[in-house]
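Residue-level listing of the chains:
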Amino acid sequence: MAVATQDKVLDQFLGGDSFPITWESETEKQLFWVFDDLHCPHPLSPLFYEIGGWWLTCDHMFRRFGTPFAVDWITKNVNGYLYTAAVPANSGLKVDGMEYGARYGARVPLDPSYPDRIGKYLDATLPVYGEHFVDWWNNRLVPEMKRNFEFLEEQLDRQEQMSLPELAVLLEDAIDVHDRHWKIHWMLNFAQLSATLNLRAVMEKTHGRVDDALLGRLQNSANDRNWDSIKQLWEMKEEAKADPELSQAFSHDTVAEIMAALDRTDRGKRFVAERVKPYQREFGWHAVWSHEFIFPTVFEKMEPVIELIRGYVETDYDYPATMGALRDDIDSAAREILEGLEGEKLEQMRAANDVNLRMAPLTPDHHFYIDQGANAHVRLVLVALGKKLAAAGALDDAEDVMFLKYNELRALIGDQGQLDARALVASRKQDRERSYEFHPPAWIGTATESQLAFPYLTNWGFPDKFYRKGEVAGEVSGIAGSPGVVEGIARVVLREDQFDDVRAGDILVCHMTNPAWVALFTKIAGLVSNAGGITAHPAVLAREFGIPAVVGTQDATQRINNGDRIRVDGTKGLVEILEAAAQPRTDDLFKT
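Below is a short write-up of the structure. (Residues numbered from 1 in each chain as written. Predicted model: local features only at pLDDT ≥ 70, side-chain atom pairs only at ≥ 80, totals over all residues. Heavy atoms only, no water.)

### Remarks on the overall build of the chain
We count it as follows: A run of DSSP states H or I qualifies as a helix once it reaches four residues; a run of E qualifies as a strand once it reaches two. Both are numbered from the N-terminal end. Restricting the calculation to C-alpha atoms gives the radius of gyration, and the globule rule supplies 2.2 Å times the number of residues raised to the power 0.38. For the exposure calls, accessible area comes from a 1.4 Å probe over protein chains only, and a residue counts as buried if that area is under 20% of its type's maximum, exposed if over 50%, partly exposed in between. We call two residues in contact when some of their heavy atoms are within 4.5 Å. Note that His is not counted, nor are the chain ends; the positive residues are Lys and Arg, and the negative ones are Asp and Glu. Positions of charges follow a simple convention, taking NZ of Lys, CZ of Arg, CG of Asp or CD of Glu.
When helices and strands are tallied, the chain shows 21 helices and 15 strands. Taking 2.2 N^0.38 as the reference for a compact globule, 592 residues should give roughly 25 Å; the C-alpha atoms of the chain span a radius of gyration of 24 Å, in line with that estimate. For the chain, the spread of C-alpha atoms along the three principal axes comes to 70 × 65 × 55 Å. Looking at the chain as a whole, 57% of its 592 residues qualify as buried. Restricting to contacts in the chain with at least 6 residues of sequence separation, those with at least 24 account for 71%. Considering the chain, the positive charge centre built from 62 side chains and the negative charge centre built from 91 side chains are found 1 Å apart.

Structure representation (structure tokens):
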């Protein structure tokens, strides 16, 4: 499956008055660029764009696996928003990318026959990853990542004693850790792809058809770091319920009131010291938007943890019952996939599903160690540098460091008189705020059949999103993320400070989710998201919690208002607005 740039053009968008685009070359125009609302729905910070991206190691991924469909993954900052494009394995193609503030030519093969010949290598080696990767992950790769985090955290614990140059070197170490963890991410990703493709192929061979709903249930996990986090929160909820002083503290309506109440008693202070802070230390390495450096992590802010516990107290969340039901459903699905089979077919199906079940926990676990953990540790080193620079008078605030570019930051560390960092930061903050006036389209550039066939685009809801028909009044179409039908009141959540608004039985309408949003899943009856595909976080988590979900709608947060009564059909991928709210909400992630 080759991604080419010279096949039939299905559509093209090169910009317009509402979303102007500057193109660096004609080749850029011929690529299919996708808005990365899956990871970065907000305008980018300069530092993240240059050193924090998941795309920085994609050429390594394509090279390691020998993919005939792409050889590099490049980015474009358009009006402040992140767009990415896969570079086809075309030896004659020349297009520039950017990494660490430097231009480079996208890495294409010199041999024109490469895409026709290399696919056999991928076919031969991919099953090895599917068969062995779980053992590599548990025995070799997770210990390596833990050691990396331990090193960075030991250094961060002594940051006040470190000099500015020492912290600068630590940043380089953190960048190396980040890039290494993301290389592991792509190994895991392809291993999961191998296991999933094999499970689908064996199911079709043995049963004569593929049951996507059943496969979705089999890709759920009941034993991973995500559930470890939820278990600790549930234990804190149980402790708070059983203790009169803690119960009284958590009876307040707002997080600020709860924190003040905890701080007034010795019991409350002990609960924070012995339970909340250790939770932050272990599970706090993520932000409400995990990839970007600009958002504070739970490690830095206690408020999100208190809100999580408060939500569990409010709903009396039952972790053992939830886990029991999830395990029972996975066991039931594992039996169902074997029903009616015997002999060789039975053994083939059992073997394929055994690999799949062992692989399932790696989806949430890789978020913990890579998407969340790697980026959060880089952020904390940057904040440490920012504190030193602010104390020296080079910046107004530690967080301002995110508005510098990589080499600007390094130049400022070397000589704080080299540039007016304050003025630069002020200008870029204004630029970022102006970016919210744009409404980024789902894609730009040129759409062709081969480019839409790039396998990873399913994570962003393509090609379904591309072929989706126009709007129907009172309906929002998307991708069937988790089966089932539910009716309820829509609760539109765009920011972390709106988590408090969600009540038990609401249907969450949001742009995207990540593990920081897990607490809401213990309350909600259904989910609708702008971003994502069937393998993305919102759909996976909805299936684990057993709630209907429609994902990849592109514009649900604009077309559904707080208080609307809606019906979510997670089997068909359709949301119906049954009754409009009396007072429509006026805010959105974007200002237009």
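### Considering empty space enclosed by the protein
Defined as follows: The method works on a 1 Å grid over the protein atoms by themselves. A cavity is a set of points holding a 1.4 Å probe that cannot get out, a pocket is an open set with protein on both sides within 12 Å along at least five of seven lines, and residues with an atom within 4 Å of a point line them. Grid points are joined across faces, edges and corners, and a volume is the space filled by probe spheres set on the points.
This model, assessed by the stated rule, comprises three cavities of 30 Å³ or more. Considered as a void within the structure, the largest cavity measures approximately 80 Å³ in volume. Together, Asn226, Thr363, Pro364, His367, Pro515, His537, Val540, Leu541 and Glu544 line the largest cavity. Counting only elements with at least two residues in the lining of the largest cavity, the list comes to helix H14 (362-391) and helix H20 (537-545). With four residues, the single largest contributor to the lining of the largest cavity is H20.

### Here's the deal with the side chain of lysine 465
Which entries qualify depends on this criterion: A pair is scored as a salt bridge if a Lys or Arg side-chain nitrogen falls within 4 Å of a carboxyl oxygen belonging to Asp or Glu. The term polar contact refers here to a pair of N or O atoms within 3.5 Å; inside protein, the definition further demands a hydrogen-donor-capable atom paired with an acceptor-capable atom, and it admits residues adjacent in sequence only when both atoms are side-chain atoms.
With respect to the secondary-structure elements, lysine 465 resides in helix H18 (residues 464-467). The buried charged residue lysine 465 lacks any salt bridge partner; its closest oppositely charged side chain belongs to aspartate 37, at an N-O distance of 4.2 Å. Within polar-contact distance, the side chain of lysine 465 engages the side chain of glutamine 554 at 3.2 Å. Not counting chain neighbours up to four residues away, the residues in contact with lysine 465 comprise Asp37, Ala442, Trp460, Asn530, Gly552 and Gln554.

### Re the pattern of salt bridges
In this structure the tally under the stated criterion is 40 salt bridges. Through salt bridges that share partners, Glu235, Glu239, Asp243, Arg267 and Arg275 make up one connected network.

### Comments concerning the sheet that holds strand E12 (residues 526-529)
Rules: Any two strands between which DSSP finds at least two bridges are classified as paired. In this description, a line fitted to the C-alpha atoms serves as the axis of each element, helices being fitted only across the stretch in contact, and the angle between N-to-C directions of two axes falls anywhere from 0 to 180 degrees.
Read from one edge to the other, the open sheet built from eight strands follows the order E8-E15-E14-E10-E11-E12-E13-E9, with strand pairing classed as mixed. On the outer flanks of this sheet lie strand E8 (475-477) and strand E9 (479-482), each paired with one strand and no other. For this sheet, the mean inter-axis angle between neighbouring strands, taken without regard to orientation, is 30°. Against the sheet, H20 touches E9, E12 and strand E13 (549-551), its axis set at about 40° to E9.

### Description of the pairing of strand E10 (residues 485-493)
Sheet analysis places E10 next to strand E14 (residues 565-569), joined by five bridges and oriented antiparallel. Looking at E14, one finds that valine 486 is bridged to valine 568. Judged from the four bridges that link them, E10 and strand E11 (residues 507-510) form a sheet pairing that is parallel. Counted as the bridge partner of valine 493 is cysteine 510 from E11.

### Comments concerning the environment of tryptophan 460
The residue tryptophan 460 is located in the loop between helix H17 (449-452) and H18 in this model. By relative accessible area, which is 3% here, tryptophan 460 ends up buried. Measuring from C-alpha to C-alpha, the distance between tryptophan 460 and lysine 183 comes to 21 Å, with 277 residues separating the pair along the chain. Here tryptophan 460 is in contact with Val34, Phe35, Asp36, Asp37, Leu38, His39, Trp54, Trp73, Lys465 and Gly532, once residues within four sequence places are set aside.

These figures come from the coordinates and say nothing about function on their own.
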